Amino acid sequence: MWHHKGRSIPKGGVVQHARESALKQLIRNVRIATMEDGYGLIDQGAVLVDGERIAWVGQESSLPDEHRRGIESELDGNGRLLTPGLIDCHTHLVYGGNRAREFELRLQGADYETIARAGGGILSTVSATREASEQALFESAAQRLQQLMGEGVTCVEIKSGYGLDLETEMKMLRVARTLSEQFPVTVAPTFLGAHALPPEFKDDADGYIDEVCKRMMPAIQSENLAGAVDIFCENIGFTPAQTRRVFECAKSLGFEVKIHAEQLSDQQGASLAAEFQALSADHLEYLSDDGIRAMQKAGTVATLLPGAFYFLRETRLPPIDALRKAGVPMAIATDSNPGTSPTTSLLLMLNMAATLFRLTPLECLQGVTVNGARALGLERNLGTVAAKKQADLVLWNVGDPAELTYNFGANPCYRIFRKGQQTGPGSD
Ligand code: DI6
Ligand code: FE
């Protein structure tokens, strides 16, 4: 089974899923945080799962008779907390190598921008990713994915962006697809061709944007390898004008769009993304009031990435209170990547979002459930415990939902259900 930390997966093998194909099962005697309307707590609750979907949710004592018939298995939660499966809506999970050496350099005084400009940083991961075989990329990403899943993650976004040529970008996206076939997890794949300027296009960013728009995007679309297009809009990334071109092209090909914006400076990237009805704008430490207004009008989710903030020792906080006042939905994600957020713990991000960004435990949990789903455009199917939604559920060894944010470095995950099937811890 996948959940055992450190256990390697069979080479090229299928790591498959759960055991029984339970049809109608009752999870009873649980405290449910439905995540509808705040925590949406239901004490002495029960969830009836029918196949892959949730059939009924409520207080156990009010389970209708017709639903009691034909229940094939029951799980007594002993009062434990049940939540939706967690959603990590921003990751760069597939890459070659690591950047531990760069980390050492930074500890000796070099900064992230200087390293990036000197051809290190993202570009060193690009070399390692180009060199890695598809199988090797699969295996290293599978390990990271299993670590995420072990904490109750049932849906993960995965970006390309360490290939910067068509062949390698497609290789990364095929790995993302294989991961979704081999593990009980929903994968939302994103094309991030415009992540950095590849060496082949040195001093010709517009030429590379041409390549991204005219050659790469249509090829990726024709093989259905990604649902969304992302771009790093930054002074060490791409300009707002280049971002506009990428968004125009992405939209015309039917992709959703999203953006890495306002991480190191204010480029008005979030406003631009909102103009294109972006699903989310991510990072946002330098987001302006105009950006907030534009996001609020467009319904664009603000995805906060406390792991990158922490690891780069940033001091400028995203404008949380203004986002909150404007009613912009906030998501939280790992940004799992080798350069700025080498983590595979989404639960740790909840704690960091609270301690570093001052989000409340409720906002933290919303950030990885209902708002995470929204950041991926999957809110109709995922993100809350509600009838008709996919039965992605996590049972925790805690009683109060705030405990998920309060603890750090612990993993209170007790049982995981994905599409109604029990997977992961406790399923052996
Ligand atoms: N912002 C980030 O935090 C990651 N990408 C991006 O655009 C960092 C990517 C890396 O350093 O490898
Ligand atoms: Fe990122």
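Keep in mind that this is a model prediction, so the values were computed, not measured. (Residues numbered from 1 in each chain as written. Chains lettered and ligands numbered in written order. Predicted model: local features only at pLDDT ≥ 70, side-chain atom pairs only at ≥ 80, totals over all residues. Heavy atoms only, no water.)

A. Quick peek at the coordination of the iron ion (ligand 2). Summarising the metal site, the iron ion (ligand 2) is bound by the protein donors His90 (NE2), His92 (NE2), His260 (NE2) and Asp335 (OD), whose distances to it range over 2.1 to 2.3 Å. Coordination at the iron ion (ligand 2) comes from four donor atoms whose angles at the metal span 82 to 168 degrees, giving a geometry best classed as irregular. Mapping the donors of the iron ion (ligand 2) onto the primary sequence yields the spacing H-x1-H-x167-H-x74-D. With His92 in the loop between β6 (86-88) and α2 (100-107) and Asp335 in the loop between β13 (330-332) and α13 (346-355), the pair connects residues that are 243 residues apart, well separated along the chain. Take His92 and Asp335: they sit in the same class, and that class is buried. (Donors = N, O, S within 2.8 Å, 3.2 Å for Na, K, Ca; no water. Tetrahedral: all angles 85-135°; square planar, octahedral: opposite > 155°, others 65-115°. Helix = DSSP H or I, 4+ residues; strand = E, 2+ residues; numbered from the N terminus. Buried < 20%, exposed > 50% of the residue type's maximum accessible area, 1.4 Å probe, protein only.)

B. Focus on the site of ligand 1. In the vicinity of ligand 1 there are 14 residues, among which Arg99, Tyr112, Tyr162, His195 and Thr340 approach most closely. One nitrogen or oxygen atom from the side chain of His195 is found 2.8 Å from a nitrogen atom belonging to ligand 1. Interatomic distance of 3.1 Å between a side-chain N/O atom of Gln263 and a nitrogen atom of ligand 1. Protein chains bury 100% of the 320 Å² of accessible surface belonging to ligand 1 in isolation. The residue inventory of the shell around ligand 1, partitioned by class, reads four nonpolar, eight polar and two charged. (Near = heavy atom within 4 Å. Polar contact = N/O pair within 3.5 Å; in protein donor to acceptor, adjacent residues only side chain to side chain. Areas by Shrake-Rupley, 256 points an atom, 1.4 Å probe, with all protein chains shown as cover. Nonpolar A, V, L, I, M, F, W, Y, C, P; charged D, E, K, R; others polar.)

C. Examining the side chain of Glu151 more closely. Here Glu151 shows up in the loop between α5 (134-149) and β7 (153-159). For Glu151, a relative accessible area of 8% puts it in the buried group. Separated by 3.1 Å, the side chain of Glu151 and the backbone nitrogen of Leu346 make a polar contact. Discounting residues that sit within four places of it in the chain, Glu151 has contacts with Leu86, Thr344, Ser345, Leu346, Leu347, Trp396, Asn411 and Cys413. (Contact = heavy atoms within 4.5 Å.)

D. Representation of the packing of aromatic side chains in the model. Here the structure, examined in full by the defined rule, presents seven aromatic pairs. Among the aromatic residues, ring-to-ring pairing joins Phe201, Tyr208 and Phe238 into one connected group. Sitting over the face of the ring of Tyr414, Arg415 holds its NZ or CZ atom 4.2 Å from the ring centroid. (Phe/Tyr/Trp six-rings, centres within 6.5 Å; stacked < 30°, edge-to-face > 60°. Lys NZ or Arg CZ within 6 Å of the ring centre and 35° of its normal.)

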